[in-house]
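What the coordinates show
Chain by chain, the residues run as shown.
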Amino acid sequence: MRLRPETRAVHSAATDPSSGAIVPPIVLSTTFEYETTGLEQDPDQLIYTRWQNPNRAALESTMAALEGGAVAHAISSGSAAMLTIFQALRPGDHIVSSDDMYFGIRVQLNEFFAPWGLHTTYVNMSDLDAVRAAMRPETRLVILESPTNPMIRLADIAAIADIAQEFDATLLVDNTVATPVAQNPIQLGADIVVISLTKYIAGHHDVLGGVVIFAEDGELAQRVMRLVRIGGGVLSPMNCWLAARGLQSLSQRVRAHSESALEVACFLAEHPKIEQVLYPHHPSHPQYELALRQMALGSGLMSILVKGGRGSALELVNRLQLFTNATSFGGTHSLIEHRESIEEGSSTPANLLRVSIGLEHPADLIADLQQALA
Ligand code: PLP
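The rules we used
Residues numbered from 1 in each chain as written. Predicted model: local features only at pLDDT ≥ 70, side-chain atom pairs only at ≥ 80, totals over all residues. Heavy atoms only, no water. Phe/Tyr/Trp six-rings, centres within 6.5 Å; stacked < 30°, edge-to-face > 60°. Helix = DSSP H or I, 4+ residues; strand = E, 2+ residues; numbered from the N terminus. Buried < 20%, exposed > 50% of the residue type's maximum accessible area, 1.4 Å probe, protein only. Lys NZ or Arg CZ within 6 Å of the ring centre and 35° of its normal. Pairing = 2+ DSSP bridges. Contact = heavy atoms within 4.5 Å. Axes fitted to C-alpha atoms, helices over the stretch in contact; angles between N-to-C directions. Left-handed = near helix turned anticlockwise from the far one by under 90°. Nonpolar A, V, L, I, M, F, W, Y, C, P; charged D, E, K, R; others polar. Near = heavy atom within 4 Å. Polar contact = N/O pair within 3.5 Å; in protein donor to acceptor, adjacent residues only side chain to side chain. Areas by Shrake-Rupley, 256 points an atom, 1.4 Å probe, with all protein chains shown as cover. Expected span 1.5 Å × (residues − 1). Arc of directions from axis to C-beta.

A few words on the packing of aromatic side chains. By the definition in use, this model includes four aromatic pairs. Where tyrosine 200 meets phenylalanine 329, the ring centres are 6.1 Å apart and the plane angle is 55°; that geometry is what we call tilted. Of this pair, tyrosine 200 sits in the loop between β6 (192-196) and β7 (210-214) while phenylalanine 329 sits in the loop between β10 (324-325) and β11 (335-338), placing them 129 residues apart in sequence. Grouping residues by exposure puts tyrosine 200 and phenylalanine 329 together as buried. The ring centre of phenylalanine 329 lies 5.1 Å from the NZ or CZ of lysine 199, which sits over that ring.

If you want it as structure tokens, here you go:
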């Protein structure tokens, strides 16, 4: 039977045959009894948990299915997932990357991989001519986030996939903000999807994790698998179990986050103390048309520019009662953060606040914003 994503996520693990438990056990054993000739017979059989573990295998196969990929690898964080892909490239390879993305990835590329011979050109991914102009014969990888964190810019994934293909390069899309509920980069032509499980997938602010999904189990996917298994940056069984549990309610949570976020965005867009709201599904977003075409839902992440500059933005954060001044996004609690203060080498506007809408009632969130802006 061809299952829809919601059904697939709930039924990702079979009933445990030894007990009848419908919730899969967390397999903490690091070592497994195996056939004497082990790996020769079956390279995927359970031997040692760094190599493979039942909780990891279940999470990986569900993530691959939800993103429409052939294979997935669960890694210790979203950042480590990106690091593993960069390690799988070779000195002399060239990367074209979005100039607006989670700042930690830029730090990895500039501080660690540039001296190692992996060079990156940063471009505005909303400008297709700039993307094309940045491509070189040695470009192996094109990286984009859509929407970006924190400027909430979109990139036309299908158009950039065409450019990457023309130059024989691999397109990687960070789908952390949109999630497979709202956007399917592989269907749009991407070769690799990376997701920080820390955000919407686990969804409760209690798991750090990442996953890489490959459209095809080709050479790069195999190299990443070797790096994960030999290098050992794997996701623990407990975190795999928690992330897999999060997947069961992902679709409903992302819908609720998105509906509330749109209500909050509409309120803020009309408020005289707010200069601009950046939210993909709000009609004032400069790429609203692309958002409607590419994203089924707007997700729970937005940024706002506060009139009066840095001081007014910080004051707003301090006056809020339900929004916690904390980093990250995609969980149950609404969070707000002055990004310029925490990003290394930030070019984010000083009056920008990134807002993650949680699962509270939107009317309560709006009332809190109203009193804080009064
Ligand atoms: N990708 C995006 C879009 C992010 O916002 C983040 C972290 O904030 C990451 C990747 C890195 O994920 P992690 O914190 O799990 O290492």
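Take the sheet that holds strand β8 (residues 274-278) next. The five strands are arranged β8-β9-β12-β11-β10 in an open sheet whose pairing can be described as mixed. Each edge of the open sheet carries a strand with a single partner, namely β8 and β10. Packing against the sheet, helix α12 (residues 309-319) makes contact with β9 (301-306), β10, β11 and β12 (352-356), and its axis sits at approximately 130° to β9.

Assignment of secondary structure puts histidine 204 in the loop between β6 and β7. With 126 residues separating them along the chain, histidine 204 and glycine 330 place their C-alpha atoms 7.8 Å apart.

This part takes up the sheet that holds strand β1 (residues 71-75). The strand order β1-β7-β6-β5-β4-β2-β3 describes an open sheet built from seven strands, whose pairing is mixed. Strands at the two margins of the open sheet, each flanked by one partner only, are β1 and β3 (119-123). Mean inter-strand twist for the sheet, computed between neighbouring axes without regard to direction, equals 20°. Relative to β7, β6 runs antiparallel, the two sharing five bridges. From the neighbouring strand, serine 196 faces β7, where its bridge partner is glycine 210. Helix α4 (residues 78-88) rests against β1, β2 (94-98), β4 (139-145), β5 (170-174), β6 and β7 of the sheet, and its axis sits at about 150° to β6. Lying on the sheet, helix α9 (residues 219-231) is in contact with β1, β4, β5, β6 and β7; it crosses β1 at an angle near 30°.

Attention shifts here to the packing of helix α3 (residues 54-67) against helix α10 (residues 237-270). Each pair of packed helices can be described by the angle between their axes along with the distance between the axes. In contact at an axis separation of 8 Å, α3 and α10 are set at 35° when each is read in the N-to-C sense. As for how α3 packs across α10, the hand of that crossing is left-handed. Together, Asn55, Arg56, Leu59, Thr62, Met63 and Leu66 of α3 and Pro237, Cys240, Trp241, Ala243, Ala244 and Leu247 of α10 make up the contact between the two elements. A breakdown of the residues in the contact of α3 with α10 according to their chemical character gives nine nonpolar, two polar and one charged.

With that out of the way, let us pick up the pairing of β7. With five of its five residues buried, β7 lies for the most part within the structure. Here β7 shows a buried face lined by Gly210, Val212 and Phe214 and a second buried face lined by Val211 and Ile213. Pairing of β1 with β7, which is carried by five bridges, proceeds in the antiparallel orientation. Its bridge partner being in β7, valine 71 is matched across the sheet by phenylalanine 214.

Attention now goes to the site of the ligand. Taken together, 14 residues lie around the ligand, and Ser79, Asn149, Asp174, Ser196 and Thr198 are the ones closest in. The separation between an oxygen atom of the ligand and a polar main-chain atom of glycine 78 is 2.9 Å. A distance of 2.8 Å separates an oxygen atom of the ligand from a polar side-chain atom of serine 196. Protein burial of the ligand: of its 390 Å² of free accessible surface, 92% is covered by the chains. Taken together, the residues of the shell around the ligand break down into three nonpolar, eight polar and three charged.

Right, let's talk about α9 for a bit. Over its 13 residues, α9 runs 17 Å from end to end, which matches the ideal 18 Å to within 8%, given 1.5 Å per residue. Restricting attention to buried positions, one finds in α9 the residues Leu220, Ala221, Val224, Met225, Val228 and Arg229. The buried residues of α9 occupy an angular sector of 165° when projected down its axis, which confines them to one face. Turned more than 90 degrees away from the buried face of α9, the exposed residues are Glu219 and Gly231. The first or second residue beyond α9 is glycine 232, which carries a positive phi of 90°.

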